[in-house]
Structure formats: C-alpha cells, structure tokens
Amino acid sequence: MVNLEEIKSFFKGKILINEPLSNHTSFRIGGPADYYFEPIDKEDIINLVTYLHKINFPYYIFGNGSNLLISDNGLRCAVISLENSLKGKRIENDLIIAEAGIKLSALVDFCIQNGKAGIEMLAGIPGSLGGALIMNASAYGGSISDHIVDVEVFQNGELKRLKKNEITFSYRNSTLANSVILEASFLLPEGDIDKISAIRKELLDKRRANQPVNFPSAGCIFKNPEGYHAALLIQEAGLKGLKIGGAEISQLHGNFIINTNNASANDVIELIKIVRKKIRDTKNIDLQVEVKLLGFKSNPLDND
C-alpha cells in the first residue's frame, strides 16, 4: 500500500487524492485516480517511480492528457503528471534538447526561434513530447522520430540514454511505451525562420479549418488502415454527426469524436462500436483504435 507520509519525506511536488482525471485530459472525460502526483523535477519522478516499483504499486504517466479515453470509474493506480513540470529546453552542440513534459507547440516554437527546421508540421498536435515519442506522433508527412538522436529514460531502475537505433519507431507506436521518458535530443537542419514560420502557420490554419479544435477531443480516434483514410471511410458511411449522450462524431472531421456536453467514456465507446461495425460490414475493414483506453476492467471493444 502507498504510504503518503513516506512519500512526503522525499517527494517535493503536489499530491492529490481521488483527483478527477476529467480535469487533466483533452477529452475532459475520466473518473478519479486514487493518487495524483505532480513532480517538480527529474529527481522527484525517479524517486517516486523507484518507490512505487518497490511496493509493486501500479502507476501511469500523463503528459498533456491527450490521446486518452479514461473510464468513468477512473484509475486504481497512481498517476504521475508532467503537465506542470519537465518543460525545459536548450541547445547543446547543435542539438535541441527538450524535457518530456514540454508541449509540442512550445518545442516547435523554440526550434523555429533558433532557425531549426524539421518538426514545424507537429505544432498543432495537442500533446507533450513524452507522449509524442511513445506514439511516434506524425502530421503532414513528418514524424517526431525523424530527427531523434537519443532519448533519456528511467528504465528498470537505471537512468539510460537510448540511441535512436536502440528504439523501434513505427506507425503510431514505439518501443518506449514501458519506459519513463525524461528528455530527448534532436539534430535538426538549419532553416530560414520566416519560411519555417510560414509553413507552421499554413499547417495550423489547415488544421483549424478541418478539425474540431473548439471541442474537447482525444484527437483522431482510429488509425488509418493501410491504403485508406479512416475519416473518409466514416464520412462515406454517413456517420458524421451521429450522437450518443454528450459524444458526437464530428461533422467537420469523421475521425474525431468530440465531447459536446459532459460526455461519458461509455458514450464514446458506444460510438466507437457503431463505427467499427459499420465499416466492417460495408468495407470489410477492421478499424483499429488509436486512442489509449485506460481503467476499463476488460477491453470494451472485444467482440463488438
């Protein structure tokens, strides 16, 4: 069991009990976490993770809370949030080095300010660097892994710096999922600040025009099947605008489910089931969910 007095002897950050995770996810959905920790630095994270491993207590690390659908019952574990920490960024020997909690938009801004190109297309992704690395976030032909040099992780009780060739990156996935990511280094090509800024603005404008950025969501719900776009499949199936409870398949972008009015996790799950069944029946394509489902007793999509 967690001993909060023992934790307070070494942990300098904030500790909350039964904290509603709807306050910390981009979907604005999710029941309470048993324990919610906000570390202030790397030492806090390492000490806390070491302690939780020692007592064999489960934990999950949050970045910006995007790409997640959390059960209405919440999580019976400790949540370690980097939402307000590990936002450092610097340049060393031509490398851009950034900590795991920094938002992608802030990282892109820093790179552009320093005349570095190569990740400006990721500016509109509402996530943190750590989560982006785990999911190998990509947009408009570029991926977060394209210019990675190495990643600092806390893994199996050791602080390590993994070279890119020690990590496998694939579509919406990487082998970093079981690591505590602390920071990453990038080697980016030089670029003209005005030109890079113009590209970022063009892509952000395109995102705002084509995605429901004014509603809470978890980003794209489904992975794109090989040779297809999930959004187009959903549109062709006539499912845009379909509602269950407070959840709706966006009329702007078919691969987004938005929270229009206090949606529950179950509302979203029911919409996902309808979409999967419709596309399976009409196109013989099995859409795979991109968002992470957390806190469900079993996979709610099994046998849907």
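First, a word on what this report is: a plain description of the structure on this page. Everything quoted here is computed from the prediction, not taken from an experiment.

### A look at the nonpolar core
Then step 1. Leu107, Leu129, Leu133, Val151, Leu176 and Phe186 are the most contacted members of the largest nonpolar core, which has 56 residues in total.
Then step 2. Beyond its immediate chain neighbours, meaning those up to four positions away, Leu176 contacts Leu133, Ile134, Val151, Val153, Leu162, Ile167, Phe169 and Ile181.
Then step 3. Core analysis: the second largest hydrophobic core is formed by 27 residues, Ile29, Ala237, Ile257 and Val291 among them.

### Quick look at the pattern of salt bridges
Then step 1. For the structure on display, the rule yields 26 salt bridges.
Then step 2. Lys42 is the salt-bridge partner of Glu152, the closest N and O atoms lying 2.6 Å from each other. Within this pair, whereas Glu152 is found in strand S10 (residues 148-155), its partner Lys42 is found in helix H2 (residues 42-54), the two being separated by 110 residues in sequence.
Then step 3. In this structure, Glu183 and Lys42 form a salt bridge, with 2.9 Å as the shortest nitrogen-oxygen distance. With Glu183 in strand S14 (residues 180-186) and Lys42 in helix H2, the pair connects residues that are 141 residues apart, well separated along the chain.
Then step 4. Within the structure, one salt-bridge network assembled from shared partners comprises Lys42, Arg90, Glu92, Asp150, Glu152, Arg161, Lys163 and Glu183.

### A closer look at the pairing of strand S6 (residues 89-92)
Then step 1. Relative to strand S7 (residues 95-99), S6 runs antiparallel, the two being bridged by four bridges. The partner of Glu92 across the bridge, within S7, is Leu95.
Then step 2. Hairpin connection from S6 to S7: two residues lie between these consecutive antiparallel strands, with Asn93 at a positive phi of about 50 degrees.

### Focus on unusual backbone geometry
Then step 1. A positive phi is found at Arg28, a non-glycine position, where the angle reads about 55 degrees.
Then step 2. Within the secondary structure layout, Arg28 lies in the loop between strand S1 (14-20) and strand S2 (32-38).
Then step 3. Its identity is not glycine, yet Asn136 carries a phi of approximately 45 degrees, on the positive side.

### Structural notes on the sheet that holds S2
Then step 1. The strand order S1-S2-S5-S3 describes an open sheet built from four strands, whose pairing is mixed. Pairing within the sheet leaves two strands with one partner each, and these edge strands are S1 and strand S3 (59-62). Averaged over all pairs of adjacent strands, the angle between strand axes in this sheet comes to 25 degrees, irrespective of strand direction.
Then step 2. In this sheet, strand S5 (residues 75-81) lies alongside S2 in parallel orientation, the contact comprising four bridges.

### Some words on the environment of Lys8
Then step 1. Here Lys8 lies in helix H1 (residues 4-8).
Then step 2. Taking the relative accessible area as the measure of exposure, Lys8 reaches 48% and is therefore partly exposed.
Then step 3. For the pair Lys8 and Leu48, spaced 40 residues apart in sequence, the C-alpha to C-alpha distance is 10.0 Å.

Conventions adopted
- Residues numbered from 1 in each chain as written.
- Predicted model: local features only at pLDDT ≥ 70, side-chain atom pairs only at ≥ 80, totals over all residues.
- Heavy atoms only, no water.
- Core = buried A, V, L, I, M, F, W, Y, C linked by side-chain atoms within 4.5 Å.
- Buried < 20%, exposed > 50% of the residue type's maximum accessible area, 1.4 Å probe, protein only.
- Contact = heavy atoms within 4.5 Å.
- Salt bridge = Lys/Arg side-chain N within 4 Å of Asp/Glu carboxyl O.
- Helix = DSSP H or I, 4+ residues; strand = E, 2+ residues; numbered from the N terminus.
- Pairing = 2+ DSSP bridges.
- Axes fitted to C-alpha atoms, helices over the stretch in contact; angles between N-to-C directions.

Keep in mind that these numbers describe shape and distance, not what the molecule does.
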